[in-house]
Amino acid sequence: MDWGTPFASQHTTSQDKASPEKFLSMSSNGVAEFMLGGLATCGAGFFTNPLEVVKTRMQLQGELQAHGQYSIHYRNAFHAFVTIARNDGILALQSGLVPAIWYQFFMNGTRLGTYQIQDNLGLTKDENGNHSFPRSVIAGALAGCVGAVVGSPFYMVKTHLQAKANKEIAVGHQHPHESMSHAIKTIYKDHGAVGLWRGVTAAVMRVTVGSAAQLSTFSEAKTMIDSTQVFKPNSFMTTFSASMVSGIFVTVFMTPFDVISTRLYNQPVSVTGKGTIYSGVLDCFLKIFKLEGIWGFYKGWVPSYLRLGPHTTISLVLWDEARKIYIARTNAKVKS
């Protein structure tokens with residue numbers, strides 16, 4: 001199997017996929033797969049975090065209120081940028097950057113690393129060694145589930161910090177955290193380790209759906225583009241084109257779960273650590289649908305797409321290119 005690019009579609013035999021030697025070889029590179037995935041998405045996260053701030057504010061705006069019954073502080077993505085910069089300061093557009101970077105590293109490092117290891121072991125291919133879309137969906141979903149659990153505390157703290165705003169433009173519950181470390185210490189002191197994973201159920205659904213959509217459509221698009229031979233083998237443009245297609249599907253399928261996740265993470269909690277607005281994912285879903293309608297699940301859709309599109313493209317391109325460099329250097333060391 002070619003390790004030069006993720007999701008290679010070349011033929012592998014069932015014996016090759018199952019051999020102990022191959023399994024040990026793949027496992028020995030597991031740490032590298034996690035590190036490469038994490039570092040690639042950290043780079044993307046830095047550039048797309050302002051859009052994440054805008055998306056979070058817009059998703060919390062008019063929470064459980066019908067349209068026309070609440071003040072609209074953010075009319076659209078561009079207006080939100082200007083409003084936040086004017087009222088909270090230009091640096092507020094990078095609110096929650098530290099936990100966002102840590103979230104990217106742990107969640108996506110785990111997610112992409114887990115997926116790539118499954119691909120390396122041939123678990124995303126059929127009996128003939130060809131790329132299997134259904135198996136890629138399952139592998140992507142499993143990888144997303146694991147990544148969501150690992151990164152959940154950082155996502156919650158990121159949401160709290162990004163929602164924090166001056167009273168004039170505040171939306172949603174306002175948590176008095178001063179920094180990531182202050183937030184983690186406060187939550188742990190008040191509610192223990194369990195409090196740091198509050199809302200993880202919604203996060204698992206969000207990332208599982210998003211990961212399944214992203215990695216399966218990326219690998220499928222990459223295989224189809226490769227088959228057309230429009231670009232040279234291992235071309236940067238193949239990865240770029242496939243990731244652009246993937247970004248569209250991720251936005252469509254993940255946004256409703258993203259809204260639910262943001263609401264559950266940001267809601268105030270009682271002294272026992274339970275949410276005071278939503279009791280869980282189903283309760284949140286029903287309340288949004290009843291009071292805000294179907295479009296309530298797509299609040300912040302534009303900034304979400306503007307963020308997910310570039311983030312998907314940047315992270316997958318960086319990941320793919322980083323793996324090429326890593327594999328090339330590894331092969332060079334082996335030959336020497």
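In this numbering scheme, every chain counts its residues from 1 along its sequence in written order. This being a predicted model, a pLDDT of at least 70 is required before a residue's local features are given, and a value of 80 or more before pairs of side-chain atoms are given or counted; all residues contribute to the totals for chains, interfaces and linings. The basis for every side-chain value is the complete set of heavy atoms in the structure, and neither hydrogens nor water enter the calculation.

- The name an unreviewed UniProt entry gives the chain is Solute carrier family 25 member 35-like isoform X1, with Biomphalaria glabrata as the organism.
- Regarding the chain, the relevant UniProt record gives this comment under Sequence similarities (unreviewed entry): "Belongs to the mitochondrial carrier (TC 2.A.29) family." UniProt positions are given in the numbering used here, feature names are shortened, and annotations may be inferred rather than shown by experiment.

**Remarks on the overall build of the chain**
Line of reasoning, step 1. When helices and strands are tallied, the chain shows 11 helices and zero strands.
Line of reasoning, step 2. Put simply, the chain runs from its N terminus to its C terminus through helices and strands in the order α-α-α-α-α-α-α-α-α-α-α.
Line of reasoning, step 3. In terms of overall size, the chain behaves like a compact globule, its C-alpha atoms giving a radius of gyration of 21 Å where 336 residues would be expected to give roughly 20 Å.
Line of reasoning, step 4. Seen through its C-alpha atoms, the chain measures out along the principal axes to roughly 60 × 40 × 35 Å.
Line of reasoning, step 5. In the chain, buried positions account for 53% of the 336 residues.
Line of reasoning, step 6. Sequence-distant contacts, at least 24 apart, represent 79% of the contacts inside the chain between residues at least 6 apart.
Line of reasoning, step 7. Per-residue accessibility takes into account occlusion by the displayed protein chains alone, with areas from the Shrake-Rupley method and a 1.4 Å probe. In the structure as shown, the chain presents an accessible area of about 15,300 Å², 67% of it carried by carbon and sulfur atoms.
Line of reasoning, step 8. In the chain, which carries 29 positive and 20 negative side-chain charges, the distance between the mean positions of the two groups comes to 6 Å. Secondary structure elements follow DSSP: runs of H or I of four or more residues count as helices, runs of E of two or more count as strands, with numbering from the N terminus. Between the two quantities, the radius of gyration covers C-alpha atoms and the globule rule is 2.2 Å times the number of residues to the power 0.38. Partly exposed residues are those whose accessible area sits between 20% and 50% of the maximum for their type, while under 20% is buried and over 50% is exposed, using a 1.4 Å probe and protein chains only. Residue contacts are counted whenever heavy atoms from the two residues lie within 4.5 Å of one another. Positive charges come from Lys and Arg alone, negative charges from Asp and Glu alone, with His and the N- and C-terminal ends not counted. In this description, the location of a charge corresponds to atom NZ of lysine, CZ of arginine, CG of aspartate or CD of glutamate.

**Topic: helix 4 (residues 77-88)**
Line of reasoning, step 1. Here helix 4 spans 16 Å end to end across 12 residues, near enough to the 16 Å set by a 1.5 Å rise per residue.
Line of reasoning, step 2. Regarding helix 4, the residues found buried are A77, H79, A80, T83 and I84. In a view along the axis of helix 4, the buried residues occupy a sector of 150 degrees, so they form one face of it. Across from the buried face of helix 4, at angles greater than 90 degrees, the exposed residues are F78 and R86.
Line of reasoning, step 3. What qualifies as a polar contact is a pair of N or O atoms within 3.5 Å, subject to a donor-acceptor requirement within protein and to the restriction that residues adjacent in sequence count only when both atoms come from side chains. Structurally, the start of helix 4 carries an N-cap: the backbone nitrogen of F78 is 3.2 Å from a side-chain oxygen of N76.
Line of reasoning, step 4. Downstream of helix 4 by one or two residues, G89 has phi in the positive range, about 100 degrees. A helix's residues, less one, multiplied by 1.5 Å, set its expected span. Within this analysis, the arc is defined by the directions that extend from the helix axis to the C-beta atoms.

**Some remarks on the nonpolar core**
Line of reasoning, step 1. Here, nonpolar core means buried Ala, Val, Leu, Ile, Met, Phe, Trp, Tyr and Cys residues that are tied together by side-chain atoms lying within 4.5 Å of each other. Core analysis: the largest hydrophobic core is formed by 17 residues, its most contacted members being Y103, A148, V157, I187, V207 and Y265.
Line of reasoning, step 2. Within the residue set of this core, elements represented by two or more residues are helix 5 (97-120), helix 6 (133-163), helix 7 (180-196) and helix 8 (200-228).
Line of reasoning, step 3. The leading source of residues in this core is helix 6, at six residues.
Line of reasoning, step 4. The residues contacting V157, other than those within four sequence positions of it, are P99, M180, A183, I184 and I187.

**Concerning the UniProt feature "repeat: Solcar" (unreviewed entry) in the chain**
Line of reasoning, step 1. Here the UniProt-annotated "repeat: Solcar" (unreviewed entry) positions come out as residues 32-121, 131-224 and 234-325.
Line of reasoning, step 2. Helix makes up 72% of residues 32-121 and strand makes up 0%, while its end C-alpha atoms are separated by 15 Å.
Line of reasoning, step 3. When the span residues 131-224 is considered, its composition is 78% helix and 0% strand, and the gap between its end C-alpha atoms is 10 Å.

**So, helix 7**
Line of reasoning, step 1. The end-to-end C-alpha separation of helix 7 is 12 Å, well short of the 24 Å expected for 17 residues at 1.5 Å each.
Line of reasoning, step 2. Looking at the buried side of helix 7, the elements it contacts are helix 5 and helix 6.

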